[in-house]
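Coordinate analysis (summary)
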Amino acid sequence: MNFAIQYTVDQEEFRKEVRTWMEENAKVPQELGPIPLESGAISREMWEWGKEFRRKLGAKGWLFALWDKEYGGGGYTADENFIIQEELERIDVPRIYSNNFAMPALHVYGTEEQKQRFLTPLCRGELICWQGFTEPEGGSDLASLKTRAVKDGDDFIITGQKMWIGGQFETDYIWTPAVTDPDAPRHQNLGAFMIPSDLPGITIHELNLMVKERKRLVSFDAVRVSREYLVGGETQGWRVISASLEIEHGAGGAVRERDTLQENILEYCKQTTR
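Reading the values: rules and limits
Residues numbered from 1 in each chain as written. Predicted model: local features only at pLDDT ≥ 70, side-chain atom pairs only at ≥ 80, totals over all residues. Heavy atoms only, no water. Helix = DSSP H or I, 4+ residues; strand = E, 2+ residues; numbered from the N terminus. Buried < 20%, exposed > 50% of the residue type's maximum accessible area, 1.4 Å probe, protein only. Salt bridge = Lys/Arg side-chain N within 4 Å of Asp/Glu carboxyl O. Pairing = 2+ DSSP bridges.

Backbone geometry at W164 places phi at a positive 60°, although glycine is not the residue there. Within the secondary structure layout, W164 lies in strand β3 (residues 155–166). At A222, a position not held by glycine, the phi torsion is positive, near 50°. Topologically, A222 is positioned in strand β7 (residues 215–226).

For the rest of this paragraph, the subject is the environment of G153. Summarising the element assignment, G153 is placed in the loop between β2 (148–152) and β3. Judged by its relative accessible area of 56%, G153 falls in the exposed class. As a C-alpha pair, G153 and S226 span 73 residues in sequence and 9.4 Å in three-dimensional space.

On inspection of all chains with the given rule, the structure shows 17 salt bridges. Of the charged contacts, one joins R15 and E87 as a salt bridge, the two residues approaching to 2.8 Å between their closest N and O atoms. Of this pair, R15 sits in helix α1 (residues 9–25) while E87 sits in helix α3 (residues 78–90), and the two are 72 residues apart along the sequence. Residue class for E87 comes out buried when judged on its relative accessible area of 1%. Residue D152 is joined to R224 by a salt bridge in which the shortest nitrogen-to-oxygen separation is 2.7 Å. With D152 in strand β2 and R224 in strand β7, this residue pair connects regions lying 72 residues apart in the sequence. For D152, a relative accessible area of 36% corresponds to the partly exposed category. Using a relative accessible area of 43% as the deciding quantity, one classes R224 as partly exposed. Several salt bridges converge on common partners, so that one network encompasses E12, R15, R19, E86, E87 and R90.

Quick look at the pairing of strand β4 (residues 173–179) now. With seven of seven residues buried, β4 is to be regarded as a mostly interior element. On β4, burial covers both faces: Y173, W175, P177 and V179 on one face and I174, T176 and A178 on the other are all buried. Relative to β4, strand β1 (residues 129–131) runs parallel, the two being bridged by three bridges. Bridge assignment links C129 to a residue of β4, and that residue is Y173. Direction of pairing for β4 relative to strand β5 (residues 190–196): antiparallel, over a ladder of seven bridges. Among the inter-strand pairings, P177 is bridged to a residue of β5, identified as A192.

Below, the structure is given as structure tokens:
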């Protein structure tokens, strides 16, 4: 039985287009050196090159090919997206980390202004986003969050800490929930925020780990955040964050990524004899 995917003539023509573009745009300059196996070991110069390549993919609509063109996606079919992902796996380029799980929440609960401000540039690869759910004492359990967002006029004053936040260098926004009403019942006490990372009171601490996978502790010390960064209602955060978690837990599906480490080990074993 043949389990190979059968592509149409038109789909194979599309593959040629994608492959040609990749060959012309995905050549990492030799002076940047080899691409490290661990993303945390990437140099800033290679990261900058990777960010620019990511933006080029976004401009083509290939970074998030299934998303609507209206919000920066490609509007492609599932088969076309599969071809794009297959061709991306053929090439060796630095993988630039940006947490994409804020996107479905923005699509469902964001205002039109927020979609244009945040969702569209995320789809186009023009922004980097980190996710700040886990806290030092409670893991990712939303019921145990200690980070507080106290209303002050049209702003919120956010205080707390988020742990194990991934990312190679810096970010534009931190997608995070915070308690907006500590006296409200569970599922009615959180707000969800897209917080600019350069606001006064935000401190990003590098964690010294044994592996070269950059992780951070982010502290919010009375950070004043405008209401314009609140996604959904003041106490709708459980629902908003659930839209992120649903996709993070696999509901969106994915194309299996190429396992270069496994390939290198198998090749080494083939060439090594005793």
